[in-house]
Protein chains: 2
Amino acid sequence: MKDDETCEVLVVDKAKVNHAREELEKVDIEKMAEFYKAFSDTTRLQIIMALTVEELCVCDLATVAGVSISAVSHQLRYLRNLSVVHKRKTGRKVYYSLRDEHISTILNTVKEHLDET
Amino acid sequence: MKDDETCEVLVVDKAKVNHAREELEKVDIEKMAEFYKAFSDTTRLQIIMALTVEELCVCDLATVAGVSISAVSHQLRYLRNLSVVHKRKTGRKVYYSLRDEHISTILNTVKEHLDET
DNA sequence: TCGATACTTGAATGATTGCGCAAATATAAC
DNA sequence: GTTATATTTGCGCAATCATTCAAGTATCGA
């Protein structure tokens, strides 16, 4: 009953396929992929990592990331929509910070993984 | 000495900027972003999550992810180049698995984070 | 009120990317 | 040898994306 069925975009091993499917049904793939995408661009990743240290205004974030004010602003909106960063306005300055410390934990887990290779 | 300099793509708070810069210099941003990108596409994420359960052949991966054989194969090459997956060939079938268990750890950390929102 | 500063926003653009398609490769069965 | 199966690969294109530019809003000092 194993490996004797043809493939043809059908199934080779039904049990394994169903097992894997169950695993996928438990999570919101779309949402997860979106979250990872937040970290998948160098500008956004630099913004996020800079904010693990401390709160920064838009102007300083642009300097740190080495891109234009407009570019950071666009990416900050992106990260705001994903609830990754938090906005705090004082006068005409806008300070950004990470919405919660889980982000730092995730960053460190990945950092350690990459160091081990 | 604080907040009294103009912005103009220069710096508002030099100390903070330098502090953030030091943090960024410690890591390879390019490499990290590339790693996150592996998880940022729904097809790739489905492949990776399916492989946390068990080894699967290309055909079954296509079924589980709900995409064509060609599409999975393209993405598997991508993941192979990033050393995320491992290839094992038996006869004319090719079985893929995750290269190490760190991946599962990372996936779980993020999964928990998203559940808490 | 006026001008300068700090940031946001929408449209335009060039680059990247995911996937379909068709051809190619590799292995197994006959 | 031929044929069928399983996967890989290069090309091309549509869709997505990151950034620039220019115009917009908001706040402060004069």
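Bear in mind that the values here come from a model prediction, so they are computed numbers and not experimental data.

Asks: Just give me the short version of the packing of aromatic side chains, but keep the residues and values in it.
Replies: Evaluated as defined, the whole model comprises six aromatic pairs over all chains. The aromatic ring of B:Y78 is capped on one face by B:R44, whose charged end is 4.1 Å from the ring centroid.

Asks: Go over the packing of helix α3 (residues 42-53) of chain B against helix α5 (residues 69-81) of chain B with me, naming the residues and quoting the values.
Replies: Residues and elements named next belong to chain B. Between α3 and α5, the shortest axis-to-axis distance is 10 Å and the interhelical angle comes to 75°. In terms of orientation, α3 and α5 fall into the roughly perpendicular class. Where α3 approaches α5, its residues T43, R44, I47 and I48 are matched on the opposing element by V72, Q75, L76, Y78 and L79.

Asks: Got a sec to walk through the sheet that holds strand β2 (residues 85-90) of chain B? Specific residues and values, please.
Replies: Hydrogen bonds between backbone atoms are what pair the strands of a sheet, whose relative direction is either parallel or antiparallel. Residue and element names in this part refer to chain B. Taken in spatial order, the three strands make up an open sheet running β1-β3-β2, and their pairing is antiparallel. At either margin of the open sheet sits one strand with a lone partner, and together these are β1 (56-57) and β2. The pairing of β2 with strand β3 (residues 93-98) spans six bridges and is antiparallel. When the sheet's bridge partners are listed, K87 is paired in β3 with Y96.

Asks: Now, about the interface of chain B and chain A: what can you tell me, with residues and values included?
Replies: Facing 55 residues of chain B, the contacting portion of chain A comprises 55 residues. Interface of chain B and chain A: buried area, both sides summed, is about 5500 Å²; carbon and sulfur atoms make up 72% of it. In terms of surface lost to chain A, no three residues of chain B exceed B:K16, B:Y36 and B:H113, which account for 13% of the buried area on that side. Two residues, A:E23 and B:K111, come together in a salt bridge whose shortest N-O distance is 3.9 Å. If you look at where chain B meets chain A, you find six residue pairs in polar contact (both at pLDDT 80 or more). Of all the secondary structure elements, the ones that give two or more residues to the side of chain B that touches chain A are α1 (14-25), α2 (29-39), α3, β1, α4 (58-65), β3 and α6 (102-115) of chain B. Broken down by class, the residue content of the side of chain B that touches chain A amounts to 30 nonpolar, nine polar and 16 charged.

Scoring rules and cut-offs
- Residues numbered from 1 in each chain as written.
- Chains lettered and ligands numbered in written order.
- Predicted model: local features only at pLDDT ≥ 70, side-chain atom pairs only at ≥ 80, totals over all residues.
- Heavy atoms only, no water.
- Phe/Tyr/Trp six-rings, centres within 6.5 Å; stacked < 30°, edge-to-face > 60°.
- Lys NZ or Arg CZ within 6 Å of the ring centre and 35° of its normal.
- Axes fitted to C-alpha atoms, helices over the stretch in contact; angles between N-to-C directions.
- Helix = DSSP H or I, 4+ residues; strand = E, 2+ residues; numbered from the N terminus.
- Parallel < 35°, antiparallel > 145°, perpendicular 65-115°, else oblique.
- Contact = heavy atoms within 4.5 Å.
- Pairing = 2+ DSSP bridges.
- Buried area = accessible area lost by both parts, 1.4 Å probe.
- Salt bridge = Lys/Arg side-chain N within 4 Å of Asp/Glu carboxyl O.
- Polar contact = N/O pair within 3.5 Å; in protein donor to acceptor, adjacent residues only side chain to side chain.
- Nonpolar A, V, L, I, M, F, W, Y, C, P; charged D, E, K, R; others polar.

Keep in mind that these numbers describe shape and distance, not what the molecule does.
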